[in-house]
There are 2 protein chains.
Amino acid sequence: MALRHAVLAALLGGELSGYQLTKSFDLGVANFWHAQPQQLYAELTRLEKDGLIAGREVVQESRPNKRLFQVTDAGLTELADFTAAAAKPAFIRDDLLVKVQAADHVDTEALIAQLSERAAFAQGKLDLFDKLLRNMRGERTEDEFLRGGDPIGPYLTCLRGLAFERGNRDWCQRTITILRARARSSQQSI
Amino acid sequence: MALRHAVLAALLGGELSGYQLTKSFDLGVANFWHAQPQQLYAELTRLEKDGLIAGREVVQESRPNKRLFQVTDAGLTELADFTAAAAKPAFIRDDLLVKVQAADHVDTEALIAQLSERAAFAQGKLDLFDKLLRNMRGERTEDEFLRGGDPIGPYLTCLRGLAFERGNRDWCQRTITILRARARSSQQSI
DNA sequence: CTGTCCATGTAAATGGTTACATGATTTC
DNA sequence: GAAATCATGTAACCATTTACATGGACAG
């Protein structure tokens, strides 16, 4: 049951509406978790019912009203308890890897197409994360920010997201190169 | 619905029993997917009913009988179709990252304890993957194996697993260092 | 004689995805 | 005039986890 804690963690930066939460969880800005809008709205309702967040209505004129939520003291306690408890290891679970696992038995071109797409996607996220990091640290160098910048949590998770996507991109590109080379040499031997 | 394809991909290497499948999916040997034993047994039943795998009973003396499964032609077709279809992007979903996201609001020591544990876990997987890779390529150098070794699929996914766990370990260690340094300097300023 | 490995499941509960629904406003 | 953005949900379905169950063989 970590979605609730992910939402709590996301709200620590300041109050947000369901819609704004949706945006951050969607664009991968919240690289520490991923969730559908429907899940978020449902979770917000539950969290408020349980008193872990408090919502306030904001009336708007030329757009629908919205509710902004912020973490309560009870919410902070809940997060502290969650942090103290043991974390389960995170496993990879990826369609694309399943396909590559079967590489010897499926069409190489189809595989390469998907790897390219994934590499491009990863590059997109890389660019985004890079921008976010620069934004967070402002004028400071990375070292300066890491030593005393504030808040540090989102910066650290963003660094993990960056490394993950870099790993993704590099592996995809390398795999493409390998598969292409093998395709060429097996053609020659026919 | 990719568990079925993960199972099919895992069976490509040769026929396996449910129990043997369990082992590989458990130990992270199948780094492309992760699943509980119960899920695997259920999926095997379904796959056999759908004719994508065929099982044969193996009678044993001093241990329970078992059923070995292998992929049928229909199963291979199914895998090919799956490979041709677009893959969804893989998202990180990790308890530990949620905790780090909240780093500014929770106990630093608890966080560091968890990061150390994760780093050790990642190191364990690194060692395992390294051994697996060496096993697969035998006498050959990595380059030789990548150029013509067989099967290549499992080798490629294992490389991804290796890179992922290396990323995990390095990030955990770096994060620990950063958090410790900050804890020290904030103590001095009190 | 206790614990681990082999071997296979069922049942209940929780978590996540997909499809559907609504309606005003601003931007192209 | 069409599409995207803001704003919030409900309902049905699928996937995953957790708990429970069984039983012989072998190692310490």
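What you see is a predicted model, and the numbers here were worked out from it, not measured in a lab.

**Quick notes on the overall build of chain A**
Looking only at helices and strands, one finds eight helices and three strands in chain A. Along chain A, helices and strands appear, N-terminal first, in the series α-β-α-α-β-β-α-α-α-α-α. The globule rule puts the C-alpha radius of gyration for 190 residues at 16 Å, and the 21 Å found for chain A is more than 25% above it. Projected onto its principal axes, the C-alpha coordinates of chain A cover approximately 70 × 45 × 40 Å. Expressed as a percentage of the 190 residues in chain A, the buried residues total 46%. Here the contacts in chain A between residues at least 6 apart in sequence split such that 55% fall between residues at least 24 apart.

**A closer look at the relation of the copies chain B and chain A**
In summary, the two copies of the chain are related to each other by a rotation about an axis coupled with a shift along it. Superposing chain B onto chain A takes a rotation of 180 degrees plus a shift of 0.0 Å along the axis, which leaves an RMSD of 0.0 Å. Viewed as a symmetry operation, the transformation between the two copies matches a two-fold axis. Among all residues of chain B, the minimum C-alpha distance to the rotation axis is found for Phe164 of chain B, at 3.6 Å. A symmetric contact is evident, with 100% of the interface residues of chain B recurring at the interface of chain A.

**Description of the interface of chain B and chain A**
Of the residues lining the interface, 68 residues belong to chain B; the matching set on chain A comes to 68 residues. In this structure, the connection of chain B to chain A is made through two salt bridges. In this assembly, chain B and chain A are joined by 32 residue pairs in polar contact (both at pLDDT 80 or more). Only α1 (3-11), α4 (73-84), α5 (95-101), α6 (108-137), α7 (142-148) and α8 (153-188) of chain B provide two or more residues apiece to the side of chain B that touches chain A. Split by residue class, the side of chain B that touches chain A holds 39 nonpolar, 15 polar and 14 charged.

**A look at the domain arrangement of chain A**
Residues and elements named next belong to chain A. The domains assigned to chain A are domain 1 (3-84) and domain 2 (95-188). Computed over C-alpha atoms, the centres of domain 1 and domain 2 are 28 Å apart. Facing the five residues of domain 1 at the interface are seven residues of domain 2. Summing the contributions of domain 1 and of domain 2, the shared interface buries around 390 Å²; its carbon and sulfur component is 65%. Among the residues forming the side of domain 1 that touches domain 2, the class breakdown is three nonpolar, two polar and no charged.

**Things to note about the UniProt feature "domain: Transcription regulator PadR C-terminal" (unreviewed entry) in chain A**
Following the UniProt record, one finds the feature "domain: Transcription regulator PadR C-terminal" (unreviewed entry) at residues 92-179 of chain A. Here residues 92-179 of chain A is 81% helix and 0% strand, with 22 Å between the C-alpha atoms at its ends.

**Topic: the pattern of salt bridges**
Residue and element names in this part refer to chain A. Inspection of the entire model under this criterion finds 25 salt bridges over all chains. Asp50 is paired through a salt bridge with Arg4; the nearest N and O atoms lie 2.9 Å apart. Pair noted here: Asp50 is in the loop between α3 (37-49) and β2 (53-58) and Arg4 is in helix α1 (residues 3-11), with a separation of 46 residues, a long-range link. With relative accessibility at 41%, the residue Asp50 sits in the partly exposed group.

**Regarding the protein's contact with DNA strand D**
Lining the immediate environment of DNA strand D, one finds 21 residues, of which Tyr19, Gln60 and Arg63 of chain A together with Met1 and Ser62 of chain B sit closest. Within 4 Å of the protein, the contacting atoms of DNA strand D are drawn from sugar and phosphate to the extent of 74%. Gln39 of chain B places a polar side-chain atom, nitrogen or oxygen, 3.0 Å from a phosphate oxygen of DNA strand D. At the level of elements, α2 (18-26), α3 and β3 (66-71) of chain A together with α3 (37-49) of chain B are the ones that each hand at least two residues to the surface near DNA strand D. Residues that form the surface near DNA strand D fall into these classes: seven nonpolar, nine polar and five charged.

**Quick word on the nonpolar core**
If you look at soluble globular proteins, the nonpolar side chains tend to sit buried side by side. Counting residues in hydrophobic clusters, the biggest one holds 106 residues, and the most contacted among them are Phe25, Phe32 and Trp33 of chain A together with Phe25, Phe32 and Trp33 of chain B. With residues up to four places along the chain from it excluded, the contact list for Trp33 of chain A reads Ala2, Leu3, Ala6 and Phe25 of chain A together with Ile92, Arg93, Asp94, Asp95 and Val98 of chain B.

**Concerning the packing of aromatic side chains**
All chains considered together, the criterion is met by five aromatic pairs over all chains. Between Phe25 of chain B and Phe32 of chain B, the ring centres sit 6.2 Å apart and the planes meet at 70 degrees, which makes this aromatic pair edge-to-face. Residue Phe25 of chain B shares its accessibility class with Phe32 of chain B, and that shared class is buried. A centroid spacing of 4.6 Å and a plane angle of 40 degrees characterise the contact between Phe145 of chain B and Tyr155 of chain B, whose relative ring orientation is tilted. Taken together, the residues span a long stretch of sequence, with Phe145 of chain B in helix α7 and Tyr155 of chain B in helix α8 at a distance of ten residues. Tyr155 of chain B shares its class with Phe145 of chain B; the two are buried. Positioned over the ring face of Phe82 of chain B is Lys99 of chain A, at 4.9 Å from the centre of the ring.

**Comments concerning the protein's contact with DNA strand C**
DNA strand C sits among 22 residues. The nearest are Met1, Gln38 and Ser62 of chain A together with Tyr19 and Gln60 of chain B. Close to the protein, within 4 Å, the atoms of DNA strand C are drawn from sugar and phosphate at a rate of 72%. Taking Gln38 of chain A, its side chain carries an N or O atom lying 2.9 Å from a base nitrogen of DNA strand C. Here a phosphate oxygen of DNA strand C and a side-chain polar atom of Arg93 of chain B are 3.1 Å apart. Those elements that place two or more of their residues in the surface near DNA strand C are α3 of chain A together with α2 (18-26), α3 and β3 (66-71) of chain B. Partitioned by chemical class, the residues of the surface near DNA strand C number seven nonpolar, nine polar and six charged.

Cut-offs applied
Residues numbered from 1 in each chain as written. Chains lettered and ligands numbered in written order. Predicted model: local features only at pLDDT ≥ 70, side-chain atom pairs only at ≥ 80, totals over all residues. Heavy atoms only, no water. Helix = DSSP H or I, 4+ residues; strand = E, 2+ residues; numbered from the N terminus. Rg over C-alpha atoms; globule rule 2.2 N^0.38 Å. Buried < 20%, exposed > 50% of the residue type's maximum accessible area, 1.4 Å probe, protein only. Contact = heavy atoms within 4.5 Å. Least-squares fit on C-alpha atoms with pLDDT ≥ 70 in both. Salt bridge = Lys/Arg side-chain N within 4 Å of Asp/Glu carboxyl O. Polar contact = N/O pair within 3.5 Å; in protein donor to acceptor, adjacent residues only side chain to side chain. Nonpolar A, V, L, I, M, F, W, Y, C, P; charged D, E, K, R; others polar. Domains from an automatic or database assignment. Buried area = accessible area lost by both parts, 1.4 Å probe. UniProt positions renumbered as here; feature names shortened; annotations may be inferred. Near = heavy atom within 4 Å. Core = buried A, V, L, I, M, F, W, Y, C linked by side-chain atoms within 4.5 Å. Phe/Tyr/Trp six-rings, centres within 6.5 Å; stacked < 30°, edge-to-face > 60°. Lys NZ or Arg CZ within 6 Å of the ring centre and 35° of its normal.

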